[in-house]
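As a plain string of letters, each chain reads:
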Amino acid sequence: MFDASAFITESAEKMQNEIDDIAIIACSGGVDSTVAAVIANQAIGDKLHCVYVDTGLMRKNETEEIQEMLAAHGLNLTTVFAEERYFAALKGVTEPEQKRKIIGELFIRIFEDEQAKVGAKYLVQGTIAPDWIESGGGVRDTIKSHHNVGGLPEDMTLEVVEPLRDLYKDEVRELARALEIKVAERQPFPGPGLAVRCLGELTPQRVHIVREACAIVEEELEAAAEAGKMEIPWQYFAALLPVRSVGVHGDVRAYGETVVVRAVQSLDGMSARYSTIPHEVLTKISTRITNAVKGDVNRVVYDITHKPPGTIEWE
Ligand code: XMP
């Protein structure tokens, strides 16, 4: 049985001993990094500098919500607005692993800038077990390089501290509940953000489309679950595919983008089954997505693949 409060006490003590100087932590607002930040804050208090990077690849309203949530836990937070740097670095890149590497590296470069400003020696990260297991090493194949593992450049000058690296998602959620963190029940969101849900080239407009589509999927599935029509999936979102198809707008031919809706049941993200969603809910999602981003998306499809053989995200 996992004992959340014992884990918190022990890992805070361990960090207190390990971290003898200024540390920065990458806060994404996700449950993993928030739990790591709150425990680190208990351990080293004002030696901890929290940095949130707005990559321009976040979900709708996410930056404001994260800022509020982290402030509520008394964390010392700096927000770096890096949208332009991200889009410039990712311009023309379509290969998923290359995207992940670029995103990971830019993350670290930004932290190095912040490190220089505050004189940090340590980087605390909310890496959990599935992140490094799936990033390869040893006998495992690289399935995807998770941004907080495979993206680390070799010349990095910060010492990395990963208090959650042996834990699985459900254990981190238990910690979050014990720490009264508001994101405790929130669905997981990948480190590279909407980049891995925008297949093909990343442009501000294409990311805007997938951001709106994700917000619609979240709203509709949460409303359907609230109304008792279905169980809330473990993870649910939209991705924009690198596929155009012929459609019709009024009586005019359109050649638009394709959105795929993905919803899965899972325990820890290591394997998953696609969720069944009532057709009326899918219909509403499809209508809303094609209306919301008029002229851009003219086809919405539903992904009926388990993991394996698929993965949860499309990249
Ligand atoms: P996949 O797509 O590999 O995803 O089946 C399993 C779970 O991990 C999330 N995911 C990530 N989380 N950094 C993260 O912190 C990443 O690079 C990353 N890629 C995928 C995904 O959303 C799912 O919950």
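Residues numbered from 1 in each chain as written. Predicted model: local features only at pLDDT ≥ 70, side-chain atom pairs only at ≥ 80, totals over all residues. Heavy atoms only, no water.

Draft legend 1. Summary view of the pattern of salt bridges. Throughout the structure, instances matching the rule amount to 19 salt bridges. For the salt bridge of Arg-206 with Glu-257, the shortest nitrogen-to-oxygen distance reads 3.0 Å. Taken together, the residues span a long stretch of sequence, with Arg-206 in helix H8 (residues 204-226) and Glu-257 in strand S7 (residues 252-266) at a distance of 51 residues. For the residue pair Arg-206 and Glu-257, the accessibility class agrees, reading buried in each case. Across the pair Arg-262 and Asp-303 runs a salt bridge, and its minimum N-O distance is 3.3 Å. Here the residue Arg-262 occupies a position in strand S7, and Asp-303 occupies one in the segment after strand S9 (297-302), the gap between them amounting to 41 residues. Both residues of the pair, Arg-262 and Asp-303, belong to the buried class. One connected set of salt bridges, linked through shared partners, spans Glu-219, Glu-220, Lys-284 and Arg-288. (Salt bridge = Lys/Arg side-chain N within 4 Å of Asp/Glu carboxyl O. Helix = DSSP H or I, 4+ residues; strand = E, 2+ residues; numbered from the N terminus. Buried < 20%, exposed > 50% of the residue type's maximum accessible area, 1.4 Å probe, protein only.)

Draft legend 2. A look at the nonpolar core. In terms of nonpolar packing, the biggest core is built from 53 residues, with Val-53, Leu-57, Tyr-86, Phe-111, Val-217, Leu-221 and Ile-289 touching the most fellow members. If one sorts the elements of this core by residue count, H8 sits on top with 9 residues. Among the domains, domain 1 (4-185) and domain 2 (197-302) are the pair contributing at least three residues each to this core. Ignoring anything within four residues of it in the chain, the contact list for Leu-57 reads Tyr-86, Phe-87, Leu-90, Ile-103, Phe-189, Pro-192, Gly-193, Leu-194, Ala-195, Val-207 and Arg-211. Counting residues in hydrophobic clusters, the runner-up holds 39 residues, among them Ala-43, Leu-48, Leu-167 and Val-172. (Core = buried A, V, L, I, M, F, W, Y, C linked by side-chain atoms within 4.5 Å. Domains from an automatic or database assignment. Contact = heavy atoms within 4.5 Å.)

Draft legend 3. Molecular detail of unusual backbone geometry. Each neighbour pair has its own omega, and for Lys-307 with Pro-308 the value is -15°, a cis peptide bond. Tracing the sequence through the fold places Pro-308 in the segment after S9. In this model, Pro-308 is joined to Pro-309 through a cis peptide bond whose omega is 15°. The backbone phi angle of Asn-61 is positive, close to 60°, even though this residue is not glycine. The topology assignment puts Asn-61 in the loop between strand S2 (48-54) and helix H3 (62-72). For Asn-61, a relative accessible area of 49% gives the class partly exposed.

Draft legend 4. Quick look at the packing of helix H2 (residues 31-44) against helix H7 (residues 169-178). For the pair H2 and H7, interaxial distance at closest approach is 10 Å and the crossing angle is 50°. On the basis of the axis angle, H2 is oblique to H7. Here H2 and H7 pass one another in a crossing that is left-handed. Of the residues in H7, those touching H2 at Val-31, Asp-32, Val-35 and Ile-39 are Lys-169, Val-172, Leu-175 and Ala-176. Of the residues in the contact of H2 with H7, the class split is 6 nonpolar, no polar and 2 charged. (Axes fitted to C-alpha atoms, helices over the stretch in contact; angles between N-to-C directions. Parallel < 35°, antiparallel > 145°, perpendicular 65-115°, else oblique. Left-handed = near helix turned anticlockwise from the far one by under 90°. Nonpolar A, V, L, I, M, F, W, Y, C, P; charged D, E, K, R; others polar.)

Draft legend 5. Summary view of the packing of H8 against helix H9 (residues 279-292). At a closest axis distance of 10 Å, the pairing of H8 and H9 adopts a crossing angle of 150°. Between H8 and H9, the angle is such that the two are roughly antiparallel. As for the relative orientation of H8 and H9, their crossing is right-handed in sense. Facing Ala-213, Ile-216, Val-217, Glu-219, Glu-220, Leu-221 and Ala-224 of H8, the residues of H9 in contact are Val-281, Lys-284, Ile-285, Arg-288, Ile-289 and Ala-292. The residue makeup of the contact of H8 with H9, split by class, is 9 nonpolar, no polar and 4 charged.

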